[in-house]
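Now for the letters of each chain:
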Amino acid sequence: MKKLFYSSFAYMVVGVLSGLFYREYTKGKSFEGFTQLSVVHTHLLTLGFIVLLIVLILEKLFTLSKSRLFSWFFWTYNAGLILTAAMMVVHGMLQVQGATDVSAAIAGIAGLGHILLSVAMVLLFLALRTRLFGAGKERVDGGAKVALKG
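This section reports on the structure supplied with the text. It should be emphasised that the depicted structure is a prediction, and the values quoted were computed from it without experimental measurement.

Most often, soluble globular proteins keep nonpolar side chains buried together rather than apart. Judged by nonpolar contacts, the single largest core of 24 residues is most densely connected at Leu4, Val55, Phe73 and Tyr77. Secondary-structure elements contributing two or more residues to this core are α1 (2-28), α2 (37-62), α3 (68-96) and α4 (104-133). Sort the elements by how many residues they give to this core and α3 lands first, with eight residues. Not counting residues within four places of it along the chain, the set of residues in contact with Val55 comprises Leu4, Leu64, Phe70, Phe73 and Leu124.

Listed below in structure tokens is the structure:
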């Protein structure tokens, strides 16, 4: 549970700082127009801060971490989000600097980040299903185990 709390907090801090970076970097370069930097902070705040807070609530209610899939979800999700956000920053900085021909590798790596995020969401739902409906004949209701009739 501490991992979720501190990860969510870290994404909140990095999300706010990325918004500050976007504003100051574009102002310092006298850039006007759209750049990927303008949406990095919303991605980090929504996908990092808010989603992980929701998962923290689900952990508190259903003890998701008892599912063997939860750790896979957690690390895959973080890797995907960090990879996606990093490529958005790289692409955005290149846009601000006036690059018109950006390498396809940047989009490819960002796409890999999105794939990891998608895989992680499937893992989250599989872990949640296991905790809700059980792998044996028991499930969790509000933190208490309840045997199901066969």
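Put simply, α1 and α2 touch, their axes get as near as 8 Å, and they point 165° apart. It follows that α1 is roughly antiparallel to α2 by the angle criterion. Here α1 and α2 pass one another in a crossing that is left-handed. Looking at the contact of α1 with α2, its residues break down into 18 nonpolar, eight polar and one charged.

Turning to the side chain of Ser18, a few remarks are in order. Within the secondary structure, Ser18 is located in helix α1. There is a polar contact of 3.5 Å between the side chain of Ser18 and the backbone nitrogen of His41. In this view, Ser18 contacts Val40, His41 and Leu44; residues no more than four positions away in its chain are not counted.

This paragraph deals with α4. Over its 30 residues, α4 runs 43 Å from end to end, which matches the ideal 44 Å to within 8%, given 1.5 Å per residue. All buried positions along α4 are accounted for by Ile106, Ala110, Gly113, Leu117, Ala120, Leu123, Leu124, Ala127, Leu128 and Arg131. Near the N-terminus of α4, the side chain that reaches the backbone nitrogen of Ala105, with its oxygen 3.0 Å away, is that of Ser103.

About the criteria used
- Residues numbered from 1 in each chain as written.
- Predicted model: local features only at pLDDT ≥ 70, side-chain atom pairs only at ≥ 80, totals over all residues.
- Heavy atoms only, no water.
- Core = buried A, V, L, I, M, F, W, Y, C linked by side-chain atoms within 4.5 Å.
- Buried < 20%, exposed > 50% of the residue type's maximum accessible area, 1.4 Å probe, protein only.
- Helix = DSSP H or I, 4+ residues; strand = E, 2+ residues; numbered from the N terminus.
- Contact = heavy atoms within 4.5 Å.
- Axes fitted to C-alpha atoms, helices over the stretch in contact; angles between N-to-C directions.
- Parallel < 35°, antiparallel > 145°, perpendicular 65-115°, else oblique.
- Left-handed = near helix turned anticlockwise from the far one by under 90°.
- Nonpolar A, V, L, I, M, F, W, Y, C, P; charged D, E, K, R; others polar.
- Polar contact = N/O pair within 3.5 Å; in protein donor to acceptor, adjacent residues only side chain to side chain.
- Expected span 1.5 Å × (residues − 1).

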